[in-house]
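Residue-level listing of the chains:
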Amino acid sequence: MSGNWQLNLDHTAFLRDHWQRKPLLIRNTGAGFSPPISSDHLAGLAFEASVESRLVEQCGDNWRLQHGPFCAADFERAQPWTLLVQAVDHFSAAVGELQRQFDFIPRWRMDDVMVSYAVNGGSVGPHYDNYDVFLLQGEGQRLWRLGQACDEHSALLPHDELRILQDFHCVEEYLLGPGDLLYVPPGIAHWGVAQGECTTFSIGFRAPQLSEMIARWSDQLLLQMTQELFYSDAGRAAATRPGEIHAGDVNEALAQLQRALQQPVRNQWFGELVTEPHYDIDLDAGDIDAAREALYSGGATISLPRAAKLAWQQDSDGITVFANGESHTCGASVLPCLLILCDRRDLFGPQLDSALADTDTARLLENLLQSGCLDVE
Ligand code: SIN
Ligand code: CO
């Protein structure tokens, strides 16, 4: 367990000099580190159909990818291989705890924690990611090479699913041992090769695509805007070629469009987008009823399920809470409960009693129950 582990990092200097800009190697990230999940436990997760896992195997110049669930025989291979298990924080509280060390970056930017296990020489090949990642070395050692800056024009090897770079130009290399941490910003080529058996924890981040943001924002604008606004061309000049769409008409259309886009658009689409869960959430009406009953029967503890995505936003109208992609407008009185839930992820005793006594907070807890964002014990 890594219960006592405290990441020793100057947050201000990191955010100023490295975040989204350049890699950082942090050796011996702090006393008390030990890998929060063993390779055996990880392999066990990869046997489960409900867990997303992949296996990457290198056969000379060819890379093979297989999707889980796996069985023990899948791990008997002649070539070096790597097992990658997604969202391990959903299944292991200790792995989820790792994320707390990165809470200086808001949770909505955080992705699930991926954990890899590799045999000697195992690697997923040289590649780049579109997201920031902290690579925390668990068991064993891995040699990380950092390379060139990449983008969508960087040539990839032909493969349906793997995005392995055709060329890799090593700029720096580091041998990481247990507790060492390497931050890699988006777009920087990296290539980790296991030196003996090892596990690596990828504390990854996510960022919405601008194209997705435009889609959500314009959906919201369309919901708000009147259908009774039309292209207008009072005072137009006489047409000389009646079949022609004149460039001036197109420019006028663009100008009218720009004016329509200036209107204030409710911005809850952003929180809804960034709290969308990656995996389907199983909601059972009977379970929700039982949880509600437990909540009001006294002495309950409420907590955020490990997969829950919860965030909130405060503006002049009050608080909007985003729970697994749904938004709820609340009064400011929900804030104490929200602060505790987002920080500690649980709430009980007198703090829960006062939360339930406040009408807005009680309504919020009901909404959280309905959206799969609350466990009650
Ligand atoms: C790995 O753990 O092997 C791969 C992680 C990464 O490169 O993002
Ligand atoms: Co990567």
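Preceding this paragraph is the structure being described.
The text that follows walks through the structure, step by step, so that each part is easy to find. Per-chain numbering applies: the sequence of each chain, read as written, is numbered from 1 onward. Here the convention is simple: chains get letters from A, ligands get numbers from 1, in the order in which they are written. The predicted nature of this model means local features are confined to residues of pLDDT at least 70 and side-chain atom pairs, given and counted, to a pLDDT of 80 or more, with totals for whole chains, interfaces and linings taken over all residues. No hydrogens and no water enter the side-chain calculation; it runs on all heavy atoms of the structure.

Focus on the overall build of the chain
The helix count covers DSSP runs of H or I at least four residues long, the strand count covers runs of E at least two residues long, and both are numbered beginning at the N terminus. A count of helical and extended segments in the chain gives ten helices and 17 strands. The cut-offs for exposure are 20% and 50% of the maximum accessible area for each residue type, with area from a 1.4 Å probe on protein chains only; residues under the lower value are buried, those over the upper are exposed, and the others partly exposed. In the chain, buried positions account for 45% of the 377 residues. Any two residues whose heavy atoms approach within 4.5 Å at even a single point are treated as in contact. The contacts of the chain with a sequence gap of at least 6 include a subset with a gap of at least 24, amounting to 77%. Only the protein chains shown count as cover for residues, with accessible areas throughout obtained via the Shrake-Rupley method and a probe of 1.4 Å. Accessible surface, the chain as shown: approximately 19700 Å² in total, 51% of it carbon and sulfur. One finds the centroid of the 25 positive side-chain charges in the chain at a distance of 6 Å from the centroid of its 52 negative side-chain charges. Asp and Glu are treated as the negative residues and Lys and Arg as the positive ones, with His and the ends of the chain left uncounted. Each charge is placed at NZ for Lys, CZ for Arg, CG for Asp and CD for Glu.

A few points about the coordination of the cobalt ion (ligand 2)
Listed donors are limited to N, O and S atoms within 2.8 Å of the metal, widened to 3.2 Å for Na, K and Ca; water is not among them, so incomplete-looking sites are possible. Distances from the cobalt ion (ligand 2) to its protein donors, His127 (NE2), Asp129 (OD) and His190 (NE2), fall within 2.1 Å. On the primary sequence, the residues serving as donors to the cobalt ion (ligand 2) are separated as H-x1-D-x60-H. You can see Asp129 sitting in the loop between strand 5 (110-118) and strand 6 (133-137) and its partner His190 sitting in strand 10 (residues 188-195), a full 61 residues away along the chain. Judged by relative accessible area, Asp129 falls into the partly exposed class, the value being 26%.

Remarks on the sheet that holds strand 7 (residues 141-149)
Two strands are counted as paired when DSSP detects at least two bridges linking them. The three strands are arranged 8-7-10 in an open sheet whose pairing can be described as antiparallel. In this open sheet, the two strands that pair with only one neighbour each are strand 8 (172-176) and strand 10. In this sheet, adjacent strand axes meet at a mean angle of 20 degrees when their direction is disregarded. For helices, the fitted line uses only the C-alpha atoms of the stretch in contact; every axis is such a line through C-alpha atoms, and the angle between N-to-C directions lies from 0 to 180 degrees.

Notes on the packing of helix 8 (residues 335-344) against helix 10 (residues 359-370)
At a minimum axis distance of 9 Å, the contact between helix 8 and helix 10 shows a crossing angle of 40 degrees. Seen from helix 8, the contacting residues are Cys337, Leu338 and Leu341; seen from helix 10, they are Thr361, Leu364, Leu365 and Leu368. Ten residue types, Ala, Val, Leu, Ile, Met, Phe, Trp, Tyr, Cys and Pro, are classed as nonpolar, four, Asp, Glu, Lys and Arg, as charged, and the remainder, Gly among them, as polar. For the contact of helix 8 with helix 10, a count of residues per class yields six nonpolar, one polar and no charged.

Topic: the site of ligand 1
Taken together, Met114, Ser116, Val124, His127, Asp129, Leu135, Arg142, Trp144, His190, Thr200 and Ser202 make up the full set of residues near ligand 1. Separating an oxygen atom of ligand 1 from a side-chain N or O atom of Ser116 is a distance of 2.7 Å. Protein burial of ligand 1: of its 260 Å² of free accessible surface, 94% is covered by the chains. Only strand 5, strand 7 and strand 11 (198-205) provide two or more residues apiece to the shell around ligand 1. Partitioned by chemical class, the residues of the shell around ligand 1 number four nonpolar, five polar and two charged. Any residue with a non-hydrogen atom lying within 4 Å of a molecule or strand is treated as near it. Definition of a polar contact: a pair of N or O atoms within 3.5 Å, with one able to donate and the other able to accept a hydrogen when the atoms are protein atoms, and with sequence-neighbouring residues admitted only if both atoms are side-chain atoms.

Regarding the nonpolar core
Put simply, buried Ala, Val, Leu, Ile, Met, Phe, Trp, Tyr and Cys residues joined by side-chain atoms within 4.5 Å make one nonpolar core. Grouped together as the largest cluster of nonpolar side chains are 38 residues, with contacts concentrated most on Phe102 and Ile203. Elements that contribute at least two residues to this core include exactly strand 1 (24-26), helix 2 (39-46), strand 4 (81-85), helix 3 (93-100), strand 5, strand 6, strand 9 (181-184) and strand 11. When residues no more than four places from it in sequence are discounted, the contact partners of Phe102 are Leu7, Met110, Phe134, Leu181, Ile203 and Phe205. Listed in part, the 29 residues of the second largest apolar core include Val321, Cys330, Val334 and Cys373.

Considering a negative patch on the surface
Residues with no salt bridge and a relative accessible area higher than 30% make up the patches, which join like charges within 9 Å and nonpolar side chains (Val, Leu, Ile, Met, Phe, Trp, Tyr) within 5 Å. By convention in these notes, a salt bridge is any Lys or Arg side-chain nitrogen within 4 Å of a carboxyl oxygen on Asp or Glu. Among the surface-exposed residues, Asp280, Asp282, Asp284 and Asp287 lie close enough to one another that they form a single negatively charged patch. Checked against the element boundaries, Asp287 lands in helix 7 (residues 285-296). A relative accessible area of 53% places Asp287 in the exposed class.

A short note on the environment of Ala118
Within the secondary structure, Ala118 is located in strand 5. Sequence separation between Ala118 and Val193 is 75 residues; the distance between their C-alpha atoms is 8.4 Å. Dropping the residues within four chain positions of it, Ala118 is found in contact with Trp81, Thr82, Arg142, Ala194, Gly196, Glu197 and Cys198.

Here's the deal with the sheet that holds strand 13 (residues 310-315)
Read across the sheet, three strands follow the order 13-14-15 without closing on themselves; strand pairing throughout is antiparallel. Looking at strand neighbours, the two that pair on one side only are strand 13 and strand 15 (326-330), the edges of this open sheet. Along the sheet, successive strands turn relative to each other by an average axial angle of 20 degrees, direction set aside. In terms of strand pairing, strand 14 (residues 318-323) meets strand 15 through five bridges, oriented antiparallel. When the bridges of strand 15 are listed, Phe322 appears paired with Ser327. Along the sheet, helix 10 makes contact with strand 13, strand 14 and strand 15, crossing strand 15 at roughly 175 degrees.

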